[in-house]
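Letter by letter, the chains look like this.
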Amino acid sequence: MAEAYIVELARTAGGRRNGRLSGWHPADLGGEVLNALVERSGVDPETIEDVIVGCVTQSGEQSFAFGRNMVLASNLPESVPAVTIDRQCGSSQQALQFAAQAVLSGTQDIVIAAGGESMTRVPMFSNFMLHAKAGLGTSPFSGRIKQRFGVKDFSQFIGAQMMAEKFGFDRETLDRYALESHRRAAAAVQSGAFEREIVPIPIDGPNGPEMHVQDEGIRFDASLEAIGSVKLLQEGGVISAANASQICDGASAALVVSEKALKEQNLTPLARIHSFSVTAGDPVIMLEEPIPATARVLKTAGMKIDDIDLYEVNEAFASVPLAWLKATGADPKKLNVNGGAIALGHPLGATGTKLMATLVHGLIARGKRYGLQTMCEGGGMANAMIVEALG
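Only a predicted model underlies this, so the values are computations on that prediction, with no experimental measurement involved.

Here the focus is a nonpolar patch on the surface. Nonpolar side chains collect at one region of the surface, where Phe125, Phe128, Met129, Phe157 and Leu233 lie side by side and expose about 410 Å² of accessible area between them. Structurally, Phe157 can be placed in helix H6 (residues 156–167).

In this model, helix H3 (residues 91–105) (15 residues) spans 21 Å end to end at C-alpha, consistent with the 21 Å of a helix rising 1.5 Å per residue. Most of H3 sits out of view: 11 of its 15 residues are buried. If you check which residues of H3 are buried, you get Ser91, Ser92, Gln93, Gln94, Ala95, Leu96, Gln97, Ala99, Ala100, Ala102 and Val103.

Turning to the packing of helix H10 (residues 290–301) against helix H11 (residues 319–328), a few remarks are in order. Close contact between H10 and H11 brings their axes to 9 Å; oriented N to C, the two are set at 45 degrees. Between H10 and H11, the crossing angle belongs to the class labelled oblique. Where H10 crosses over H11, the handedness of that crossing is right-handed. Contact residues: H10 offers Pro290, Ile291 and Thr294, while H11 offers Ala323, Trp324, Ala327 and Thr328. Of the residues assigned to the contact of H10 with H11, the class counts are 5 nonpolar, 2 polar and no charged.

The α-helix advances 3.6 residues per turn, and as a result positions three or four apart in sequence lie on the same side. Among the 10 residues in H11, 7 count as buried, and that is most of the element. Residues of H11 that are buried: Ser319, Val320, Pro321, Leu322, Ala323, Trp324 and Leu325. Against H6, helix H7 (171–191), H10, strand S10 (310–313) and strand S11 (370–377) lie the buried residues of H11. Downstream of H11 by a residue or two, Gly329 has a phi angle that is positive, lying close to 75 degrees.

Alternating residues of strand S6 (residues 201–205) divide into Ile201, Ile203 and Gly205, all buried, and Pro202 and Asp204, none buried. Bridge analysis of S6 against strand S7 (residues 208–212) gives 5 bridges, and the strand direction is antiparallel. The residue of S7 that forms the bridge with Pro202 is Met211. The turn linking S6 back onto S7 is made up of 2 residues.

Let us now look at the packing of aromatic side chains. Overall, the coordinates contain 6 aromatic pairs when judged by the stated rule. Connected via pairs of aromatic rings, a cluster forms that spans Phe141, Phe149 and Phe154. A cation over an aromatic ring shows up here: Arg11 above the ring of Phe194, its NZ or CZ 4.9 Å from the ring centre.

A word on the packing of H6 against H11. To describe two helices that pack against each other, one gives the angle between their axes and the distance between the axes. Direction vectors running N to C along H6 and H11 enclose 35 degrees, while the axes themselves pass 9 Å from each other. Where H6 crosses over H11, the two elements pack in a sense that is left-handed. On the side of H6, the interface is formed by Ala160, Met163, Ala164 and Phe167, while H11 contributes Ser319, Val320, Ala323, Lys326 and Ala327. The class makeup of the residues in the contact of H6 with H11 is 7 nonpolar, 1 polar and 1 charged.

Generally speaking, nonpolar side chains in soluble globular proteins are found buried as a group. With 47 residues, the main nonpolar core has Trp324 and Ile386 as its most contacted residues. Setting aside chain neighbours within four positions, we find Trp324 in contact with Pro290, Ile291, Thr294, Ile305, Tyr311, Val313, Ala330, Leu335, Leu372 and Thr374. Counting residues in each nonpolar core, the second largest holds 35 residues, with Ala27, Leu37, Val53 and Val80 among its members.

Within the structure shown, the criterion is met by 1 cavity of 30 Å³ or more. One number sums up the size of the largest cavity: a volume of about 30 Å³. As for the largest cavity, its lining consists of Arg11, Thr12, Gly14, Cys248, Asp249, Gly250, Ala251, Pro347 and Lys354. In terms of residue count, strand S8 (residues 248–257) provides more of the lining of the largest cavity than any other element does, 4 residues in total. Taken together, the residues of the lining of the largest cavity sort by class into 3 nonpolar, 3 polar and 3 charged.

Tracing the sequence through the fold places Lys334 in the loop between H11 and helix H12 (341–344). Despite its burial, Lys334 remains without a salt bridge, the nearest opposite charge being carried by Asp331 at 5.1 Å. A polar contact is formed between the side chain of Lys334 and the backbone oxygen of Ile308, at a distance of 2.9 Å. When neighbours within four sequence positions are excluded, Lys334 is seen to be in contact with Asp306, Ile308, Asp309, Leu310 and Tyr311.

Here we take up unusual backbone geometry. We note that Phe64 has phi near 55 degrees; this positive angle belongs to a residue other than glycine. Its location among the elements puts Phe64 in the loop between strand S3 (50–54) and helix H2 (66–72). With relative accessibility at 75%, the residue Phe64 sits in the exposed group. One non-glycine residue with positive phi stands out, namely Ala65, at about 60 degrees. Structurally, Ala65 is set in the loop between S3 and H2.

Assignment of secondary structure puts Arg176 in helix H7. According to the relative accessible area criterion, Arg176 is partly exposed, its value standing at 46%.

So, about the pairing of strand S1 (residues 5–11). Most of S1 is tucked away: 7 of the 7 residues are buried. Bridging between S1 and strand S9 (residues 271–280) involves 2 bridges; their strand directions are antiparallel. Bridged to Ile6 within S9 is Ala271. Pairing analysis gives 6 bridges linking S1 to S8, with the strands arranged antiparallel.

The rules we used
- Residues numbered from 1 in each chain as written.
- Predicted model: local features only at pLDDT ≥ 70, side-chain atom pairs only at ≥ 80, totals over all residues.
- Heavy atoms only, no water.
- Patch = residues over 30% accessible without salt bridge, like charges linked within 9 Å, V, L, I, M, F, W, Y side chains within 5 Å.
- Areas by Shrake-Rupley, 256 points an atom, 1.4 Å probe, with all protein chains shown as cover.
- Salt bridge = Lys/Arg side-chain N within 4 Å of Asp/Glu carboxyl O.
- Helix = DSSP H or I, 4+ residues; strand = E, 2+ residues; numbered from the N terminus.
- Expected span 1.5 Å × (residues − 1).
- Buried < 20%, exposed > 50% of the residue type's maximum accessible area, 1.4 Å probe, protein only.
- Axes fitted to C-alpha atoms, helices over the stretch in contact; angles between N-to-C directions.
- Parallel < 35°, antiparallel > 145°, perpendicular 65-115°, else oblique.
- Left-handed = near helix turned anticlockwise from the far one by under 90°.
- Contact = heavy atoms within 4.5 Å.
- Nonpolar A, V, L, I, M, F, W, Y, C, P; charged D, E, K, R; others polar.
- Pairing = 2+ DSSP bridges.
- Phe/Tyr/Trp six-rings, centres within 6.5 Å; stacked < 30°, edge-to-face > 60°.
- Lys NZ or Arg CZ within 6 Å of the ring centre and 35° of its normal.
- Core = buried A, V, L, I, M, F, W, Y, C linked by side-chain atoms within 4.5 Å.
- 1 Å grid on protein atoms, 1.4 Å probe; cavity = no way out; pocket = protein on both sides within 12 Å on 5 of 7 lines; lining within 4 Å.
- Points joined across faces, edges and corners; volume = space filled by probe spheres on them.
- Lys, Arg positive; Asp, Glu negative; His and termini not counted.
- Polar contact = N/O pair within 3.5 Å; in protein donor to acceptor, adjacent residues only side chain to side chain.

Next comes the structure, spelled out in structure tokens:
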């Protein structure tokens, strides 16, 4: 039976909006991660058959075959092709799934899955808002789509509020979850948990050249009082910027290979891709889909939620992982053990392979076996994947 292995994973430390990574063109930032991935893995770059890159806001510096531009900005041979995909926030998790499918099918042996997003230089929604300002077209959502679902527009912020109301979460519950995300992320930094996965990025610091090696969004002094003081996104709601993911600049990548490639190039796998799924549901509440995606991937794997040692559920909003916990009955002590996007940032198209880097290294560090990752996505979609750590 064919298998797909993850040989290496790498990511940048997150940069805040207008922060430490804001001076980097996103193609160059992605190129740095590709270089590190190849160097750390020992793979022959001439044998890489494709690079699949997730990116959400494909405009400006992230337009015109962004994935190919990442390759051209790297040290990879120009003979290495690339493609850019958009499954919203799950784009690079989908890239990883496509890479696994290519290897499992036997059509390719060595594929890179990656993601890149500079939310500073290419702001979220700018790919259609600039068109609207210029009078070019209307909205991504046609009148027919809005009429079908009885809405004036689709909004992740409204979806997050709907999730909180459906599952019974008040403001304090969400804020306490956000505080725990910062505390876990801070503890992970202090213990060196992220060191193996992070690619140092040279930047101009206040005192001269330095390396960016620490996620910039973590609030080491976070408190419930400070989080609770942040203005709500809507009057009478429970969602605030403090209990939602942070805008972030970053890039990440994973090297996926066949058993044949492992043997021919003497590569050492970190993990085996066990099972995966992608599902879709209600585009209005939008963010609930990780729940059925998780059910499907567990069924495919023939496993139960308690068989999984660690979970990574993207913290787009605190209501998402909390709802997932409530619906699945999963152990909260296994969830996002090193913090999540509320503290570490959510660089959109780069988050999928970023989270996988954290999940796999988290399993290895703890001597655990199985990890499950899932992400909510715009349009009411979700990816889920189970991996088996081998390192």
